[in-house]
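Summary of the model geometry
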Amino acid sequence: MTPDPVLTSPPSGVRPIPRVLVATTAMLSFISFWRAAAIVLNDMGSSAFYAGAIAEQAFGKTAPWFILAIMLFAYAVRALYMESCSMFVRGGVYRVVKEAMGSRLAKISVSALMFDYILTGPISGVSAGQYLTGFLNDLFRYAHSNIVLPGNLTAALFAIVVTVYFWWENVKGIPESSGKALRIMYVTTVMVVLMLAWCGYTLWVRGAHLPPWPEPRNMHFSPEALGWLRHTNWPYTIGLVGIFIGLGHSVLAMSGEETLAQVYRELEHPKIPNLKKVGFIIFAYSLVFTAGVSFFAVMIIPDGSRSQYFGNLIGGLAMNFAGPYTLRLVFQAFVVLVGVLMLAGAVNTAIVGSNGVLNRVSEDGILPQWFRQPHRRFGTSYRIINLVVGLQIATIILTRGNIFLLGEAYAFGVMWSFAMNSAAVLALRYKQPGFREFRVPLNVTIGGVEIPVGLILITIMLLGLCTINLFTKQIATISGIIFTAAFFATFTIAEGITKRRDTTGAGLDQFNVTSRTELSTATLGVRPANVLVPISNYHALYQLGAVLDRVKTERRDIVVLHVQVLQRSGSGEVEFESDQLFGSIEQYLFTKALSMAEQRGKPIRLAVVAANDLWDGILRAAVNLQSSTIVLGRSTKMSLADQALQFGLAWEALPDPRPPFNLEIFTPQGEHEFFLLGPHAPNLTRNEVNLVHQLWLRLGDLVRPEELHHHDVVHFALNEVKQELAQGKEQDVAQRLKEHLVQNKAQREKPTSQT
């Protein structure tokens, strides 16, 4: 292999433009369809805690039938998102709509989506606060205390606390975890099963009566639910209008459906069959959970007291079950625990999603790159996070924790997000005809022209619901239009300023950005056994400085790697254009790296990859480049030992064969720790070697005439431990090992304490 002279020649008076290799295929770690379903259900299932109450508040006891209808319609919307996934349109919501309907509508769609995300956090946080407040008030009554917490105020304060907590976690940079989502769904499933069983028992004891049928005479719209139609008789005299109003106030039940497109990228092979499984799981689960809560609430909670539980409907169910009060209170505590876990997770998802969308918009040149400037310590896009959380807290304060007001406004963003995506997919049927692994059913061919009947009906239905919501959700319409218009104006003005004042390259090195599908030794022009140095924050490049000072580049190449971590809500693509992965932030990052290399007169190779997990992305790049050593900077979010542990776990998750790596972690002070990834000979101390030797001397004569070697002693001891573990003595072995570690630690610290 002939090295690239642009990259390997030492810097001279006039140097050529350095090359950056951008791997356009994302390095992804894949998840099972069960984990994907758990992620979607954590978003979609959270609406079960408040959707039924908001619908009943709007138009009365017929609400469960409309919730059921929306959950059935969600199955059709699921098919829409499945086709959207199968088209492999790059760039997320913005680029999908832009490719189908142009830049202006793309910016409008992103603005409406941001309205959705900004409201997701407050409505989830306030709902969790309502459940917690309801439980505490019931607990105070049980304890015969006169304390009564104000519902909306307490819920609003709780929502602000949760939002601030997740703001700080996102500024630090917390990874999204499908494992956490799966564990939450385990606990939620236990709650749902217990709830259904107890509901069934209660109805068996007391008798069952279904909610009234959704007929005009049974629908009683509140003035707020009719909005600008409150002065007409249309909702009662025109059946279709009344039905659409009811459905419009129930659409919150399928919020979170868009998460299906976000997890598609991470689904393991075969993708479309697994996506179908995910779609069916979330349909069945949410149908039983969300619609079930709404039906059982009307059937079990008395009409006279149900309104007091509108803020915590499942908690109200728990307190009206047949059974001892203490047991009901315990179950309500379980409901609150599950609700807080799921709804608080939705608060975090809203921040992560908003951050991902605005990062994508910024990368596309719609927002100035200033928004993506990394935090000095944590390297996160903290300015975007600050903006999003500021808007969310302002929303909580303005609505004063009113769950119904938040729900009305939230529906605006949800419906327009669905409608714009549906219209884009319909337009792409004609703009990009051809094979798709999945198509929305009901397609008729007339005269050689395909008529996508199913897709057209879904689009008409969504646009119809959007239209009726414009007239009936007065506050939501006003606030939604103002918010969307403000964001659209901001995007348009910012885009114009960014294009006119494109000074991102001022004072920065210019790079020859080369795209390749994969990252490899051949495409990058490096020798095997190179040193890989991942960097992400141009405020902290001390690990690169340490490598440049130590490594002799005539013997080993140095590869500087930037991993762009793909946030789940940012986009759903698996392949990228080079300008999506290399913008002004990456340009500034590599300019700093190149300056450090030039000061030391040493060449470096530059590469950018995309991955949905940082550790996995680094390791996969190291495998592709046949690196021998990976050098990291000290994490600001975890201890050095935890950082090494997480990296080791990521190595264990690599597909076979897993090559061994040397891992070095540097601190800003220049100190560093050395670790070995993969099977390797242990680094024995002199005491451990002496111990093996003493055992060999003592046992050698006892086993004669068999010949005993030092490695036999070690092998025998390890097999003894393995046998104890196999015999179920794991806890005993662990306790003895823990005592040994504590004793060793005390021995190591003893000289220090004496000095």
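Before going into details, it helps to say that this report is about the structure given with it. (Residues numbered from 1 in each chain as written. Predicted model: local features only at pLDDT ≥ 70, side-chain atom pairs only at ≥ 80, totals over all residues. Heavy atoms only, no water.)

1. Some remarks on the overall build of the protein chain
Note the following rule: The numbering of helices and of strands both runs from the N terminus, where a helix is a DSSP run of H or I of at least 4 residues and a strand a run of E of at least 2. Working definition: with a 1.4 Å probe on protein chains only, accessible area under 20% of the residue-type maximum means buried, over 50% means exposed, and in between means partly exposed. Any two residues having at least one pair of non-hydrogen atoms within 4.5 Å are treated as being in contact.
The helix and strand tally for the protein chain stands at 29 helices and 10 strands. Taken along its principal axes, the extent of the C-alpha atoms in the protein chain is 95 × 70 × 55 Å. For the protein chain, with 755 residues in total, the buried portion stands at 52%. When contacts within the protein chain are restricted to residue pairs at least 6 apart in sequence, long-range pairs at least 24 apart make up 81% of them.

2. A closer look at unusual backbone geometry
A cis amide bond, omega -5 degrees, links Asp 656 with the succeeding residue Pro 657. In this structure, the amide linkage connecting Arg 704 to the following residue, Pro 705, adopts the cis form with an omega of 15 degrees. Among the structural elements, Pro 705 can be located in the loop between α27 (686-700) and α28 (710-726). Phi is positive for His 144, which is not a glycine, with a value near 60 degrees. Looking at where His 144 falls in the secondary structure, it is placed in the loop between α6 (103-142) and α7 (151-172).

3. A short note on the packing of helix α25 (residues 614-625) against helix α26 (residues 640-652)
What counts, and what does not: Working convention: axes come from line fits to C-alpha atoms, limited for helices to the stretch in contact. Angles between N-to-C directions cover 0 to 180 degrees. Angle categories are assigned with fixed cut-offs, so that under 35 degrees is roughly parallel, over 145 is roughly antiparallel, 65 to 115 is roughly perpendicular, and the rest are oblique. Crossings are classed by handedness, with left-handed meaning an anticlockwise turn of the near helix from the far one by less than a right angle and right-handed meaning a clockwise turn. Under the scheme applied, nonpolar residues are Ala, Val, Leu, Ile, Met, Phe, Trp, Tyr, Cys and Pro; charged residues are Asp, Glu, Lys and Arg; polar residues are all the others, including Gly.
For the pair α25 and α26, interaxial distance at closest approach is 9 Å and the crossing angle is 60 degrees. When the interaxial angle is binned, α25 and α26 end up oblique. In this structure, α25 meets α26 at a crossing whose hand is right-handed. Judged by residue contacts, Trp 615, Asp 616, Ile 618 and Leu 619 of α25 engage Gln 643, Gln 646, Phe 647, Ala 650 and Trp 651 from α26. A breakdown of the residues in the contact of α25 with α26 according to their chemical character gives six nonpolar, two polar and one charged.

4. Describing the packing of helix α4 (residues 63-86) against helix α13 (residues 271-300)
Two elements in contact, α4 and α13, have axes separated by 9 Å at closest approach and are oriented at 165 degrees. Viewed along their axes, α4 and α13 adopt a mutual orientation that is roughly antiparallel. Crossing geometry of α4 relative to α13 is assigned as right-handed. Tallied by class, the residues present in the contact of α4 with α13 amount to 18 nonpolar, five polar and two charged.

5. Re the sheet that holds strand β9 (residues 661-666)
Strands belonging to one sheet form pairs held by backbone hydrogen bonds; the direction of such a pair is parallel or antiparallel. What counts here: For two strands to count as paired, DSSP must find a minimum of two bridges between them.
Taken in spatial order, the eight strands make up an open sheet running β4-β1-β7-β6-β5-β8-β9-β10, and their pairing is mixed. The sheet is open, and its two borders are formed by β4 (512-516) and β10 (672-677), each paired with just one other strand. Put simply, the sheet's adjacent strands are angled 25 degrees from each other on average, direction ignored. As judged from the six bridges shared by β9 and β10, these two strands associate in the antiparallel manner. By the bridge assignment, Glu 664 is partnered in β10 with Phe 674. On the sheet, helix α24 (residues 584-600) packs against β1 (19-23), β6 (558-565) and β7 (605-611) and is oriented at approximately 160 degrees with respect to β6.

6. With respect to the nonpolar core
Formally: The term nonpolar core refers to a set of buried residues drawn from Ala, Val, Leu, Ile, Met, Phe, Trp, Tyr and Cys, joined through side-chain atoms within 4.5 Å.
With 142 residues, the main nonpolar core has Phe 289 and Leu 462 as its most contacted residues. With 32 residues, the next largest nonpolar core counts Ala 26, Val 533, Leu 606 and Ala 610 among its residues.

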